[in-house]
Amino acid sequence: MKREEKNQQTRRRIMDSALNEFSRKGYGASSINNICAAQGISKGIIYHYFETKDALFLACIEECFRLLTDEINVKMQKTQENLEQGLEEYFAVRMSFFREHPVYQRIFCEGIITPPAHLRAEIQTIKQAFDNLNITIIKRLLKPVPLRSAVTQDEVIEMFREFQDFINARYQMNDIDRLEFEMRERYCQKALNILLYGVIERSDH
């Protein structure tokens, strides 16, 4: 086996063990000792690939957001028939991703909702592509829709960000199970729907 291939396999073993540890316990309660024990890897080997626990956690965050961003990019390529259908599909893709890859769910929540304070700036940089993609999708969904004359796309996007901040604050807990996570996703979808369509039933007359 070539050295590069062996290095990749070792790094993958470390990542798999770390993902499992962080997804079960979160950043704060996780330990390098447990990550080592789960795969029978020495601390020296781990520190050869990742200098600190922080570096390993950030690698897990990066992998989570990269794979999720790629998934959304691939599955949201086609133009949806209408805005509501587009929103439904967008959140369906997100929920499907975490059903297929549950190991990333808690890591995603921690990155979005409760990032470790000393890693907040690094995590914000890591998830920038994900945030940019969300803005691109919202703009694409809004493009064929006539907005009120006093409202701009940028204002809609900024208001949605504020909605998300409110929702994230509501779900600031250490451990969100799958049902609670999907409830949060549906709540985000409903909030955006209300933001775009309002709450008053309008008559055509």
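Residues numbered from 1 in each chain as written. Predicted model: local features only at pLDDT ≥ 70, side-chain atom pairs only at ≥ 80, totals over all residues. Heavy atoms only, no water.

(A) Representation of the nonpolar core within the structure. In this structure, F22, I46, L56, I72, F108 and F130 are the most contacted members of the largest nonpolar core, which totals 54 residues. Those elements that provide at least two residues to this core are helix 1 (3-29), helix 2 (32-39), helix 4 (53-75), helix 5 (83-100), helix 6 (105-112), helix 8 (128-142), helix 9 (153-170) and helix 10 (178-197). Here F22 is in contact with Y27, S30, I35, K53, L56, F57, C60, R106 and I107, once residues within four sequence places are set aside. (Core = buried A, V, L, I, M, F, W, Y, C linked by side-chain atoms within 4.5 Å. Buried < 20%, exposed > 50% of the residue type's maximum accessible area, 1.4 Å probe, protein only. Helix = DSSP H or I, 4+ residues; strand = E, 2+ residues; numbered from the N terminus. Contact = heavy atoms within 4.5 Å.)

(B) Broad picture of the pattern of salt bridges. Inspection of the entire model under this criterion finds 10 salt bridges. Between R99 and E182 there is a salt bridge, with the nearest N and O atoms lying 2.7 Å from each other. Taken as a pair, R99 in helix 5 and E182 in helix 10 lie far apart in primary sequence, 83 residues in all. A relative accessible area of 46% means that R99 is categorised as partly exposed. A single network of salt bridges, built from pairs that share partners, joins R12, D16 and E63. (Salt bridge = Lys/Arg side-chain N within 4 Å of Asp/Glu carboxyl O.)

(C) Quick look at the confidence of the model for the protein. Per-residue pLDDT for the protein averages 86, and the proportion of residues at 70 or more is 90%. The least confident element of the protein, judged by mean pLDDT, is helix 9 at 78; the most confident is helix 7 (residues 120-126) at 97. (pLDDT = per-residue confidence, 0-100.)

(D) Spotlight on the side chain of K53. Note that K53 resides in helix 4. Although K53 is buried, it forms no salt bridge, and the closest oppositely charged side chain is D54 at an N-O distance of 6.5 Å. (Lys, Arg positive; Asp, Glu negative; His and termini not counted.)

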